[in-house]
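These are the residues of each chain, in order.
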Amino acid sequence: MYGVLLIVVLIITGGAIAFIGDRLGSKVGKKKLSIFGLRPRHTSIIVTIFTGVCITTLTFGVMAAASQNVRTALFGMEKLNQKMKTTQSNLDQANADLQTAQQQQEEANDALDQSRKDVETLKQQQQELEAESQRLQEGNRLLELAKAELMQRNDVLSAQNSQLGQQNSQLASANSSLQGLNTALTGKNQELTGKNASLTADNQDLEKRNKDLRDGLITIREGDIVFRAGEVIASGVIRGNRSESEVNTDLQALAQLASRNVSTRLGQNVSDKDVWIYKPEYESAVQTIAKSPQDMVVRIVAAGNLVRGEEVRASLELYKNSIIYKDREFILARPIQLKGTGSGEAEQAVMSFLKEVNAAASAKGILPDPIRGSIGVMDGAQFYEVVNAINGMHGTVVLSAYARGNTDALGPLRLIIKEEQLPDQQQ
């Protein structure tokens, strides 16, 4: 704004001077004035030149009077340039000093950070040393206590040592007496050794006779046992929630089946009366089945070892019946590891799997055979079909068992076995 104002003033001043000079030149020309004896025309030129000089002089004068910067530019430029060079030199030196100071500050900051890390490390080491010092102090205290206790024990052992010395002298005298007695016993021992050899020979002869008698008795008894104790003679399912007369009829039919099974086992005809069941037990079974809201599995089992020629004594076992497995219902799956060494490995794996299936089905409610513990049937063809399927496989093979047909608690359980080798284990 200040510069615009200055320009306006200069324009107005120059215009005014030019106007005055023009008017003055015109008057000089019209009046034909003469200066220094010059012709009027030349006088007019001089007036015009003088007017231009006045314009320039007045312009610089007004600018110098109005602006410090103009005065500086006209009269102090060299001084200003010298001052600018000095100032630039000082600025360059200040920048260099600033960079040096910043570099020193960074080095100081790095040193400070390192010092802080060293201080933290020293603090941790100090804490560890303090903890170690406390442990050592506690160890010293315990050692002092142990030392005191050992000193007490040493005093006790010293006293005991003196007593043992006295006892040792007494034992030495007793030992001399025992040596004489030992000489006498040596002769007696030789005599007893001869008698012992004779008794040993007699004892071996008696043990051989006893073994022969035991083997003969076992052969005689086991050779005549037809049914073992607890073995199932006959079994079946009798519907519950009926009259006692209907249940009794079904039980009679089951008893006839038991008679036929005994006849088949003995190789001679046995009547229903020869299969003896405790009457109160029989009547209780009839009542229980008649009152039961569901069917019951009835087993006629041998009450003891049945020897040929003895009465067939039996007892009744009752179990609630229900469908344990439906047709093709999943039973169990197990992964097995095969090395592909041969059929023996495959047979062993299948046998172990069948044992697990047997245990799982028994736990779910299928009644196992009291003697063998089995609950299912599998013919040899099916068994070796599974063995041949996995024979030669290597890696992890999953065997899965499913029920073949609906299976109730009475059983037997028939199986469908599937084998599958895991994809990532196939060779």
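Provided above is the structure to which this section pertains.
These numbers were taken from a predicted model, which means no experiment stands behind them.

A. Layout of the overall build of the protein. Summing up its helical and strand segments, the protein has eight helices and 12 strands in all. When the 427 residues of the protein are sorted by exposure, 22% land in the buried category. Restricting to contacts in the protein with at least 6 residues of sequence separation, those with at least 24 account for 72%. When the accessible surface of the protein is split by element, carbon and sulfur atoms take 54% of a total near 30200 Å².

B. Just the packing of aromatic side chains, in detail. Throughout the structure, instances matching the rule amount to one aromatic pair. For the pair Phe330 and Tyr402, a centre-to-centre distance of 5.7 Å together with 65° between the ring planes defines the contact as edge-to-face. With Phe330 in strand S8 (residues 330–338) and Tyr402 in strand S10 (residues 395–403), the pair connects residues that are 72 residues apart, well separated along the chain. Residue classification places Tyr402 among the partly exposed residues on the basis of a relative accessible area of 21%.

C. Here's a closer look at the sheet that holds strand S6 (residues 312–320). With mixed pairing, four strands are arranged side by side in an open sheet as S2-S4-S6-S3. Lying at the two open borders of the sheet, with one neighbouring strand each, are strand S2 (232–238) and strand S3 (275–277). Ignoring which end each strand starts from, the neighbouring axes of this sheet average 30° apart. Running at roughly 20° to S6, helix H6 (residues 279–291) makes contact with S2, S3, strand S4 (296–302) and S6 of the sheet.

D. Spotlight on the nonpolar core. Residues Tyr325, Ile331, Ile390 and Leu413 are the most contacted members of the largest nonpolar core, which totals 28 residues. Listing elements by their share of this core, those giving two or more residues are strand S7 (323–325), S8, helix H7 (343–364), helix H8 (380–390), S10 and strand S12 (413–421). Of the residues forming this core, the biggest block, seven residues, is contributed by H7. In this structure, Val226, Val298, Ala314 and Leu316 belong to the second largest nonpolar core, which totals 26 residues.

Conventions used here
Residues numbered from 1 in each chain as written. Predicted model: local features only at pLDDT ≥ 70, side-chain atom pairs only at ≥ 80, totals over all residues. Heavy atoms only, no water. Helix = DSSP H or I, 4+ residues; strand = E, 2+ residues; numbered from the N terminus. Buried < 20%, exposed > 50% of the residue type's maximum accessible area, 1.4 Å probe, protein only. Contact = heavy atoms within 4.5 Å. Areas by Shrake-Rupley, 256 points an atom, 1.4 Å probe, with all protein chains shown as cover. Phe/Tyr/Trp six-rings, centres within 6.5 Å; stacked < 30°, edge-to-face > 60°. Pairing = 2+ DSSP bridges. Axes fitted to C-alpha atoms, helices over the stretch in contact; angles between N-to-C directions. Core = buried A, V, L, I, M, F, W, Y, C linked by side-chain atoms within 4.5 Å.

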